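Descriptive analysis of the structure
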Amino acid sequence: MQFAAGQLTNALGIQTACHLEHCVECQRKVAMYERLGGELLDFSAPVAVSDSIKQRILDRIHNPDATQQTDAPHINADPRIPRPLQRFVPDYYEHLPWQGFSKSIQSYDLPFSDDRYAARFYNIAAGKDRPQHTHKGNEYTLVMSGSFSDLSGDYHPGDFVLADTSTHHQPRAHDKEDCICFAVMDAPLKLTGFFGRLLNPFIN
Ligand SMILES: [Zn+2]
């Protein structure tokens, strides 16, 4: 509902748009909320706006293509990257400047983190797991490539997973290929395993 109303922050809005590319069920819900928003206009009290704002709105209505052009994919974008993300990711997954403590788990910071949410990609190497961890806040994960499982199930491209303070998990990438996820989190991870105690000082 917040996505349809344009009320999500950049990071969550972009992540939701990526999920919507493949999820027919959520596409239907967003369409319903947009219709509802349209209906509400009939009941809203009119507000006076300046001539320039009015002109800009009319221009957009008459020429919708002009606003869509700003979403044009980056020319070198990886076709595997969901369209709403393409202009923020400069290169193919393999060529991004991944950072991490080991080859088994690496991350790439996305340029639209804000005060509340950090946005990054995670690459979990095939057959490896992320350190066991719990969360101080919410973590929204969208699987983009490969797949992983944890105690709650198997996750594949397009799947959307919400972890919160009650979640203790250790996502493990499946054996055949690396798993790349797009994660948005509103607080740093808190690692719980043995390695977690060693690594926590570095991630907080
Ligand atoms: Zn969905």
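The following refers to the structure shown. Predicted, not measured: the structure shown is a model, and the values here were computed from it.

Okay, the overall build of the protein next. The number of helices and strands found in the protein is six helices and eleven strands. Across the 204 residues in the protein, those meeting the buried criterion constitute 37%. Taking contacts inside the protein between residues at least 6 apart in sequence as the whole, the part at least 24 apart equals 60%. Roughly 12900 Å² of accessible area belongs to the protein as shown, and the carbon and sulfur atoms make up 54% of that amount.

On to the coordination of the zinc ion, then. Ideal coordination angles are 109.5 degrees for a metal with four donors arranged tetrahedrally and 90 or 180 degrees for a metal with six donors arranged octahedrally. For the zinc ion, every protein donor is listed as H19 (NE2), C23 (SG) and C26 (SG), and the spread of their distances is 2.0 to 2.3 Å. Taking relative accessible area as the criterion, C26 reaches 25% and is therefore assigned partly exposed.

This model, assessed by the stated rule, comprises ten aromatic pairs. Taken together, a centroid distance of 6.1 Å and an interplanar angle of 75° make the contact between F112 and F182 edge-to-face. Remark: F182 occurs in strand β10 (residues 179–185) and F112 occurs in the loop between β2 (105–109) and β3 (118–124); sequence separation between them is 70 residues. For F182, a relative accessible area of 0% corresponds to the buried category. An aromatic cluster is built from F88, Y93, W98, Y108, F112, F121 and F182, whose rings are joined through pairwise contacts.

The subject of this paragraph is the sheet that holds strand β7 (residues 153–155). Spatial strand order, β7-β6-β9: three strands in an open sheet with antiparallel pairing. The outermost strands of the open sheet, each flanked by one partner alone, are β7 and β9 (172–173). Pairing of strand β6 (residues 148–150) with β9, which is carried by two bridges, proceeds in the antiparallel orientation. Across the sheet, residue S149 finds its bridge partner in β9, namely R172.

With antiparallel pairing, six strands are arranged side by side in an open sheet as β1-β2-β3-β10-β5-β8. Strands at the two margins of the open sheet, each flanked by one partner only, are β1 (99–102) and β8 (160–163). Each adjacent strand pair in this sheet contributes to an overall mean axis angle of 25°, direction not counted. Where strand β5 (residues 139–145) and β10 come together, six bridges link them in antiparallel fashion.

On the surface, V49, I53, I57, L58 and I61 cluster together to form a nonpolar patch covering roughly 420 Å² of accessible area. With respect to the helices and strands, the residue I57 is situated in helix α3 (residues 51–62).

The next subject is the pattern of salt bridges. Within the structure shown, the criterion is met by five salt bridges. Of the charged contacts in the structure, one is a salt bridge between D78 and R80, with a shortest N-O distance of 2.6 Å. On the basis of relative accessible area, R80 is assigned to the partly exposed category, the value being 41%. Here R120 and D109 are joined by a salt bridge, their closest N and O atoms 2.8 Å apart.

Another point: the pairing of β8. Along β8, the buried face is formed by V161 and A163; none of F160 and L162, which line the opposite face, is buried. As judged from the four bridges shared by β5 and β8, these two strands associate in the antiparallel manner. Note on β8: the bridge partner recorded for L142 is F160.

Here is what the cut-offs are and how they apply
Residues numbered from 1 in each chain as written. Predicted model: local features only at pLDDT ≥ 70, side-chain atom pairs only at ≥ 80, totals over all residues. Heavy atoms only, no water. Helix = DSSP H or I, 4+ residues; strand = E, 2+ residues; numbered from the N terminus. Buried < 20%, exposed > 50% of the residue type's maximum accessible area, 1.4 Å probe, protein only. Contact = heavy atoms within 4.5 Å. Areas by Shrake-Rupley, 256 points an atom, 1.4 Å probe, with all protein chains shown as cover. Donors = N, O, S within 2.8 Å, 3.2 Å for Na, K, Ca; no water. Phe/Tyr/Trp six-rings, centres within 6.5 Å; stacked < 30°, edge-to-face > 60°. Pairing = 2+ DSSP bridges. Axes fitted to C-alpha atoms, helices over the stretch in contact; angles between N-to-C directions. Patch = residues over 30% accessible without salt bridge, like charges linked within 9 Å, V, L, I, M, F, W, Y side chains within 5 Å. Salt bridge = Lys/Arg side-chain N within 4 Å of Asp/Glu carboxyl O.

That's the geometry; what it means functionally is another story.
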